[in-house]
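# Commentary on secondary and tertiary structure
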Amino acid sequence: MGAERTPVVALMGNPNVGKSTVFNALTGARQHTGNWSGKTVSGARGTMDCGGREMTLVDLPGTYSLRPRSAEERVARDFLTGGEADAAILVADATCLERNLILVLQVLEVLPNVIVCLNLMDEARKKRIRINIPALERELGVPVVPCTARRGRGLPTLMQAVCRVLDGETVPHPTTIRYPAEIEDAVRASGLARADALAALSQQPPDGMDAQQLDDLFTAAAALRAEEIALTCVQVPADADARDRRIDRILLSRRFGLPLMLLLLAAVFYITLFGANVPSEWLGTHLLGLSAPFAAALSALGLPPFFVSLLVDGLWRVLATVISVMLPPMAIFFPLFTLLEDAGYLPRVAFQLDYAFRRAHACGKQSLTMCLGKKWMRKAAEVSFVKAS
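Note that the structure is predicted; figures quoted are calculated from it, not measured. (Residues numbered from 1 in each chain as written. Predicted model: local features only at pLDDT ≥ 70, side-chain atom pairs only at ≥ 80, totals over all residues. Heavy atoms only, no water.)

The buried fraction of strand β5 (residues 114-119) is high, at six of six residues. Burial of β5 is two-sided: the residues V114, V116 and L118 facing one way and the residues I115, C117 and N119 facing the other way are all buried. Here strand β4 (residues 87-93) pairs with β5 via six bridges, running parallel. Note that in β5 the partner of A92 across the bridge is L118. (Buried < 20%, exposed > 50% of the residue type's maximum accessible area, 1.4 Å probe, protein only. Helix = DSSP H or I, 4+ residues; strand = E, 2+ residues; numbered from the N terminus. Pairing = 2+ DSSP bridges.)

Throughout the structure, instances matching the rule amount to zero disulfides. Here C117 stays free of any disulfide, with the sulfur of C147 as its closest cysteine sulfur at 3.7 Å. Judged by its relative accessible area of 0%, C117 is buried. (Disulfide = S-S within 2.5 Å.)

This part covers the sheet that holds strand β1 (residues 8-13). Strand order in the open sheet formed by six strands is β2-β3-β1-β4-β5-β7, with mixed pairing between adjacent strands. Two strands in the sheet have a free side with no partner beyond their single neighbour: β2 (44-50) and β7 (144-146). With direction set aside, neighbouring strand axes in the sheet form an average angle of 25°. Together, β1, β2, β3 (53-59), β4 and β5 form the strand contacts of helix α1 (residues 19-27), whose direction differs from that of β2 by roughly 50°. (Axes fitted to C-alpha atoms, helices over the stretch in contact; angles between N-to-C directions. Contact = heavy atoms within 4.5 Å.)

Attention shifts here to the nonpolar core. Counting 52 residues, the largest nonpolar core has M12, L118, I131, L136 and L140 as the members making the most contacts within it. Of the residues forming this core, the biggest block, eight residues, is contributed by helix α3 (residues 97-110). Ignoring anything within four residues of it in the chain, the contact list for L140 reads L101, V104, L105, L108, V116, H173, P174, T175 and I229. (Core = buried A, V, L, I, M, F, W, Y, C linked by side-chain atoms within 4.5 Å.)

Here the focus is the pairing of β1. Regular strands place their side chains on alternate faces of the sheet. Burial within β1 is extensive, with six of its six residues counted as buried. By the alternation rule, side chains of β1 split into V8, A10 and M12 and V9, L11 and G13, which are all buried. Of the pairings in the sheet, the one linking β1 to β3 comprises four bridges and is parallel in character. By the bridge assignment for β3, A10 is matched with V58. Direction of pairing for β1 relative to β4: parallel, over a ladder of five bridges. Looking at β4, one finds that A10 is bridged to A88.

Another point: a nonpolar patch on the surface. Residues L301, L303, F306, F307 and L310 make up a contiguous nonpolar surface patch of about 540 Å² in total accessible area. A residue is classified by how much of its surface remains accessible, and F306, at 60% relative accessible area, is exposed. (Patch = residues over 30% accessible without salt bridge, like charges linked within 9 Å, V, L, I, M, F, W, Y side chains within 5 Å. Areas by Shrake-Rupley, 256 points an atom, 1.4 Å probe, with all protein chains shown as cover. Salt bridge = Lys/Arg side-chain N within 4 Å of Asp/Glu carboxyl O.)

By the element assignment, K19 lies in helix α1. With near-sequence residues (within four places) excluded, K19 lies in contact with L11, M12, G13, D59, L60, P61, G62 and V91.

Interaxial distance between α3 and helix α9 (residues 211-233) falls to 8 Å at its minimum, and their mutual angle equals 120°. By the angle between their axes, α3 is oblique relative to α9. The handedness of the crossing between α3 and α9 is right-handed. Between α3 and α9, the contacting residues are E98, L101, I102, L105 and Q106 on the first element and A222, A223, R225, A226, E227, I229 and A230 on the second. Of the residues that constitute the contact of α3 with α9, the class distribution is eight nonpolar, one polar and three charged. (Parallel < 35°, antiparallel > 145°, perpendicular 65-115°, else oblique. Left-handed = near helix turned anticlockwise from the far one by under 90°. Nonpolar A, V, L, I, M, F, W, Y, C, P; charged D, E, K, R; others polar.)

So, about the packing of aromatic side chains. Under the definition given, this model contains seven aromatic pairs. Their ring planes at 25° and their centres at 5.0 Å tell us that F333 and F337 sit as a pair that is stacked. Note that F333 and F337 are positioned in helix α14 (residues 305-342) at a spacing of four residues, about one turn of the helix. For F333, a relative accessible area of 0% puts it in the buried group. Linked through ring pairs, F269, F333, F334 and F337 together constitute an aromatic cluster. (Phe/Tyr/Trp six-rings, centres within 6.5 Å; stacked < 30°, edge-to-face > 60°.)

Of the residues making up helix α2 (residues 71-81), those classed as buried are E72, E73, A76, F79 and L80. Along α2, the residues classed as buried sweep out an arc of 135° about the axis, all on the same side. Buried positions along α2 lie against β1, β2, β3 and α3. Among the residues trailing α2, G83 stands out with phi positive, at a value near 90°. (Arc of directions from axis to C-beta.)

Another point: the pattern of salt bridges. In the structure shown here, the tally under the stated rule is 14 salt bridges. Here K19 ties to D59 by a salt bridge, and the two come within 2.8 Å at their closest N and O atoms. You can see K19 sitting in helix α1 and its partner D59 sitting in strand β3, a full 40 residues away along the chain. With respect to class, K19 is no different from D59; both count as buried. For R53, the salt bridge goes to D167, with nearest N and O atoms at 2.8 Å. Residue R53 is found in strand β3, and its partner D167 is found in the loop between α6 (155-166) and α7 (181-190); the two are separated by 114 residues along the sequence. Judged by relative accessible area, R53 falls into the partly exposed class, the value being 29%. Judged by relative accessible area, D167 falls into the partly exposed class, the value being 43%. Each of D122, E123, K126, R150 and R151 takes part in a single network of salt bridges with overlapping partners.

Spelled out as structure tokens, the structure:
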């Protein structure tokens, strides 16, 4: 790493593990944090301080695997394999660590300088999940830092771990995924570095095996290794997910799931459409009421009547109308949607609608984008404007 080059750290993880919250906390950026798959669709960059030295933190899209099946996963994989990152922070959900370890293991094959941020430790404690951190570090061969990012707990320790890895004080010895014999033999026969050999195999599978079969073998091997590590390091009570399963039996049931979803979303839009009337009217009255004093002040400055009319009847009235019409619906809708995010309901909406959207060659998470679409907000603005008028 050159003396003048700013170190680059990639921030990666599965969707919905608090990755953007970690990014905001480490960089001070005001990036919106979402709770549904694909919220981050491009790499956001921020600057963080590491012992008085600046470094660039890149928030990559949430991905389940380095075997990309979506645009978001492709962005994350291409950045990691492009060689720009000097290290990576892997954010993992402590409440479902085994599933998150698949991505961690795949990243370790490409980039050894990895620090695992074990987020949502408070939720894991609520579910009585016990994680042996030293044992997990031994199994993975990289630093593991338990965190609760939304409360800021563990983040200073995470920064120190990143600094030690970049300075060479901590030398990771990442574990490897054990693949079937035919793949391991092909890797050894290639004479390339392990990561390069596996990438070459992906482009040209061994004889008697197509690309899909090879991809399935890669994924199965990573899942098996993740299961082994989880069995060694994690103790999960049998009833840890009992409450969530009871809720899902209602919210995702064939009988009640869709009606409840439509009823809840209809309530959100109803509150947005009609709840914005009063604040829109209040804003419109007070902002437009400033037109006369504003015009008088401009006239006292000696401006020609044409410029006074241009500024007051044109610029000010348009600005006041836009604010009074658009701000209240947005100020109501987005906090309500945020409450649904925090409650974990929006991923369930995406799951509920995934089958129907896949029939249209789309995916369920696009239903959330449609809920946030400008058509709904334009309708809310029109209704609010009519009432305010």
